Amino acid sequence: MPATEHAAELAAVLAHAATEKKAESAVAIDVSDRLPFADVFLIVSTANERQARAVVDAVDEAAFKAGAKARAREGLEELRWALLDYGEVVVHVFQAEDREYYGLERLWKDCPLVPLPAIELAATRG
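On a predicted model such as this, the values are computed, not experimentally measured, just so you know.

Draft legend 1. Representation of the pattern of salt bridges within the structure. Applying the stated criterion across every chain yields a total of seven salt bridges. Ionic pairing is found between Asp110 and Arg34, a salt bridge with its closest N-O pair at 2.6 Å. Highlighted residues: Asp110 in the loop between α4 (104-107) and α5 (117-125) and Arg34 in the loop between β1 (24-30) and β2 (40-46), separated in sequence by 76 residues. A salt bridge links Arg71 to Asp85; the nearest nitrogen and oxygen atoms lie 3.6 Å apart. One end of the pair, Arg71, is in the loop between α2 (49-65) and β3 (72-74); the other, Asp85, is in strand β4 (residues 81-85), and 14 residues separate them in sequence. The network of salt bridges with shared partners includes Arg80, Glu97 and Asp98.

Below, the structure is given as structure tokens:
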């Protein structure tokens, strides 16, 4: 069963908030068939700890406005890999080199991607 429409919409809202703070390479992966606790993993990259903090704060604010409650928040001390769990959507905020090292996209490569229309449109406008 694919990710719910609500989860896809929330992922798009959170991806938009992250990219507004200059997060890069936003990818949403539909993990609903593989995991019982989430529908979408949203993965974004940042250049450094300061930018990661801004992205985490922006995502938290967007989630709150969308009515999503945080169930867990991990990795906020060093911000190399922060995990923000909003139930249906789990957000992974990586510093770029850590994202490459852990390779979540490789681990979940057999799962379909969730379109992020606003992000894709902005990328084409460049």
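The structure having been displayed, the exposition proceeds.
Draft legend 2. Region of interest: the packing of aromatic side chains. Inspection of every chain in the model, using the stated rule, returns five aromatic pairs. Note on Phe41 and Trp108: the rings are 5.5 Å apart at their centroids and 85 degrees apart in plane angle, and the pair reads as edge-to-face. With Phe41 in strand β2 and Trp108 in the loop between α4 and α5, the pair connects residues that are 67 residues apart, well separated along the chain. The same class applies to Phe41 and to Trp108, which are both buried.

Draft legend 3. Summary view of the side chain of Asp39. With respect to the helices and strands, Asp39 occurs in the loop between β1 and β2. Of the side chains with opposite charge, Arg71 lies nearest to the buried Asp39, which makes no salt bridge, at 9.5 Å. Residues in contact with Asp39, not counting those within four places in the same chain, are Ala3, Thr4, Ala7, Ile29, Asp30, Val31, Ser32 and Glu88.

Draft legend 4. Focus on the sheet that holds β4. The strand order across the open sheet formed by five strands is β1-β2-β5-β4-β3, and the pairing between neighbours is mixed. Lying at the two open borders of the sheet, with one neighbouring strand each, are β1 and β3. The mean angle between the axes of side-by-side strands here comes to 10 degrees, regardless of whether they run parallel or antiparallel. Relative to strand β5 (residues 89-95), α2 is tilted by about 165 degrees, and along the sheet it contacts β2, β3, β4 and β5.

Criteria and cut-off values
- Residues numbered from 1 in each chain as written.
- Predicted model: local features only at pLDDT ≥ 70, side-chain atom pairs only at ≥ 80, totals over all residues.
- Heavy atoms only, no water.
- Salt bridge = Lys/Arg side-chain N within 4 Å of Asp/Glu carboxyl O.
- Helix = DSSP H or I, 4+ residues; strand = E, 2+ residues; numbered from the N terminus.
- Phe/Tyr/Trp six-rings, centres within 6.5 Å; stacked < 30°, edge-to-face > 60°.
- Buried < 20%, exposed > 50% of the residue type's maximum accessible area, 1.4 Å probe, protein only.
- Lys, Arg positive; Asp, Glu negative; His and termini not counted.
- Contact = heavy atoms within 4.5 Å.
- Pairing = 2+ DSSP bridges.
- Axes fitted to C-alpha atoms, helices over the stretch in contact; angles between N-to-C directions.

Remember that the coordinates give geometry; whether it matters functionally is a separate question.
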